[in-house]
Amino acid sequence: MAASSLFILDLKGKPLISRTYKGDVGPGEIENFMGVLLQREEEGTLTPVLSHGHVHFLWIKHANLYLVATTKKNGNASLVFSFLYKVVEVFCEYFKELEEESVRDNFVIVYELLDELMDFGFPQTTDSKILQEYITQEGNRLERGGGRVPSTVTNAVSWRSEGIRYKKNEVFIDVVEAVNLLVSASGSVVLSEVLGTIRLKVFLSGMPELRLGLNDRVLFELTGRGKNKSVELEDVKFHQCVRLSRFDNDRTIAFIPPDGDFELMSYRLHTQVKPLILIESIIEKFSHSRLEILVKAKGQFKKQSVANAVEIAVPVPSDADSPKVKTTAGSARYVPERNVLLWSIKSLPGGKEHLMRAHFGLPSVEKEEEEGRPPIAVRFEIPYFTVSGIQVRYMKIIEKSGYQALPWVRYITQSGDYQIRTS
């Protein structure tokens, strides 16, 4: 059992939507929830699970709404929260934005979706692509096969329809890694991690089974291979289509894929990463007169790779004016509404370095309080490159008709929260 009821509330606690799946918790409990929430908020002891009497409230906040699930049972909290976030994802697929206005404008379709998402307290069909086959944007059910519900709802494979056909069978695999990095003013790495996702775009006929092989360290150890070119994945999360028992047994990622675009898996690596783009800066503030900035950017990755769309945001005081800037590559512009000097470089090859010099005027009246200096933020994208060294070793496609299909693999490294302190 996941939840007895589900409520969508505005920020004042007024119910916009209420759906009871098992009648042991009623709408009257919402007043109790808001009372406990406000009290805990004042005390500074707010938690994602609140209790009043025998009722447990599991809630999340999205935009200007509260989504609240209630239960009197000792339910699986992880399952409930996964369901709530899935509800948000499905509604965003339908309405683009989930907010009070979109809920008010789509009462009928919201109730239809809630009827399909959960039944008698248990999650049911939560894949938006399948839901869109028989719950249309207008909130009317499609008349297919004499009004029958699509077979995907009762299939063992509820995320893929039968009878899919393509003239050309292809699979596109995107391995995308985002680097989160915090570098101190002295140049030492304070924090670093890699967040990776493997996304697939599937154009395959029939009901194929796919098997994906990675250079996974645990797999290499199981098969007696060396560790030199293997990667130890942490916090791995899979799409529901992956057979977890198979992965646990022999580390094979086997699945029948949804049609089209979806995220197959995500992972995290807590590893020491050197700055891919090294930023060195000298920022000197001369009282009553001027600010001088010197920034050097260097690509610290292999020479065959190129960082594209590099953007370096250098903070400047809010009272700076009269900018004068010179760069050895790219262009720089002052963005006063953000209090930053934005240096854009179209492409930065590995091993190359470029300079930017800037001069700002400062007012003659010195501020009483010294402003805090925010870090330099960097954005970039490096194609055909991964920090972790993860590799797709193979992709096997098995379908009873025996057709041949082409898998295409692309690797991309992007900046995540990438910051360099200046003081």
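Residues numbered from 1 in each chain as written. Predicted model: local features only at pLDDT ≥ 70, side-chain atom pairs only at ≥ 80, totals over all residues. Heavy atoms only, no water.

Helices and strands together make up the secondary structure of the chain, namely seven helices and 23 strands. Expressed as a percentage of the 423 residues in the chain, the buried residues total 44%. Put simply, of all contacts in the chain between residues at least 6 apart along the chain, 70% involve residues at least 24 apart. Per element, the accessible surface of the chain, about 22,300 Å² overall, is 48% carbon and sulfur. (Helix = DSSP H or I, 4+ residues; strand = E, 2+ residues; numbered from the N terminus. Buried < 20%, exposed > 50% of the residue type's maximum accessible area, 1.4 Å probe, protein only. Contact = heavy atoms within 4.5 Å. Areas by Shrake-Rupley, 256 points an atom, 1.4 Å probe, with all protein chains shown as cover.)

Glancing now at helix H4 (residues 107-117). Listing the buried residues of H4 in full gives Ile-109, Val-110, Glu-112, Leu-113, Leu-114, Glu-116 and Leu-117. Against strand E1 (5-10), strand E2 (15-20), helix H2 (77-95), strand E6 (118-119), strand E7 (122-123) and helix H5 (128-134) lie the buried residues of H4.

Read from one edge of the open sheet, nine strands run E11-E13-E9-E8-E23-E21-E16-E19-E18, paired in mixed fashion. Each edge of the open sheet is held by one strand with a lone partner, namely strand E11 (234-238) and strand E18 (331-335). Neighbouring strand axes in the sheet, compared pairwise and without regard to direction, differ in orientation by 15° on average. Judged from the four bridges that link them, strand E16 (residues 306-315) and strand E21 (residues 376-383) form a sheet pairing that is antiparallel. Opposite Ala-313, over in E21, you have Ala-377 as the bridge partner. (Pairing = 2+ DSSP bridges. Axes fitted to C-alpha atoms, helices over the stretch in contact; angles between N-to-C directions.)

Before going further, it helps to examine the nonpolar core. If you look at the biggest cluster of nonpolar residues, it comprises 67 residues, and the most contacted ones within it are Leu-200, Ile-253, Phe-255, Leu-264 and Ile-277. Ranked by residues supplied to this core, first place goes to strand E8 (residues 170-183) with six residues. Other than its neighbours up to four places away in sequence, Leu-264 contacts Ile-198, Arg-199, Leu-200, Leu-212, Lys-237, Phe-238, His-239, Cys-241, Val-242, Ile-253 and Phe-255. Counting 33 residues, the second-largest nonpolar core is a separate cluster that includes Phe-83, Phe-91, Tyr-94 and Ile-109. (Core = buried A, V, L, I, M, F, W, Y, C linked by side-chain atoms within 4.5 Å.)

Time to look at a negative patch on the surface. A cluster of acidic residues, Glu-97, Glu-99, Glu-101 and Asp-105, forms a negative patch at the surface. Tracing the backbone shows Glu-97 in the loop between H2 and helix H3 (100-105). (Patch = residues over 30% accessible without salt bridge, like charges linked within 9 Å, V, L, I, M, F, W, Y side chains within 5 Å. Salt bridge = Lys/Arg side-chain N within 4 Å of Asp/Glu carboxyl O. Lys, Arg positive; Asp, Glu negative; His and termini not counted. Charge placed at Lys NZ, Arg CZ, Asp CG, Glu CD.)

The next thing to look at is the layout of surface pockets. Within this model, the largest pocket holds a volume of roughly 950 Å³. Forming the boundary of the largest pocket are 25 residues, of which Lys-86, Glu-89, Lys-237, His-239 and Gln-240 lie nearest the centre. Those elements giving two or more residues to the lining of the largest pocket turn out to be H2, H5, E11 and strand E13 (260-269). Residue classes in the lining of the largest pocket are distributed as ten nonpolar, six polar and nine charged. (1 Å grid on protein atoms, 1.4 Å probe; cavity = no way out; pocket = protein on both sides within 12 Å on 5 of 7 lines; lining within 4 Å. Points joined across faces, edges and corners; volume = space filled by probe spheres on them. Nonpolar A, V, L, I, M, F, W, Y, C, P; charged D, E, K, R; others polar.)

Glancing now at the confidence of the model for the chain. Confidence along the chain averages 86 in pLDDT terms, with 89% of residues attaining 70 or more. Model confidence for the chain, summarised as mean pLDDT per element, is weakest for helix H6 (residues 217-222) at 65 and strongest for E21 at 97. The low-confidence segment residues 139-148, where pLDDT is below 50, has 13 contacts with residues more than four positions distant or belonging to other chains. (pLDDT = per-residue confidence, 0-100.)

This part takes up the sheet that holds strand E22 (residues 392-398). Hydrogen bonds between backbone atoms are what pair the strands of a sheet, whose relative direction is either parallel or antiparallel. Read across the open sheet, the three strands follow the order E12-E10-E22; overall the sheet is antiparallel. Every other strand in the sheet has two partners, leaving strand E12 (253-255) and E22 as the edge strands with one partner each. Neighbour to neighbour, the strand axes of the sheet diverge by 15° on average, direction disregarded. Across three bridges, the pairing between strand E10 (residues 209-214) and E12 is antiparallel. Looking across to E12, one finds that Leu-210 is bridged to Phe-255.

Here Pro-257 lies in the loop between E12 and E13. Of the residues examined, Pro-257 reaches a relative accessible area of 0% and is grouped as buried. Sequence separation between Pro-257 and Lys-201 is 56 residues, and the spatial gap between their C-alpha atoms is 9.5 Å. Excluding its chain neighbours within four sequence positions, the residues that come into contact with Pro-257 are Trp-159, Arg-160, Val-202, Pro-208, Leu-210 and Phe-262.

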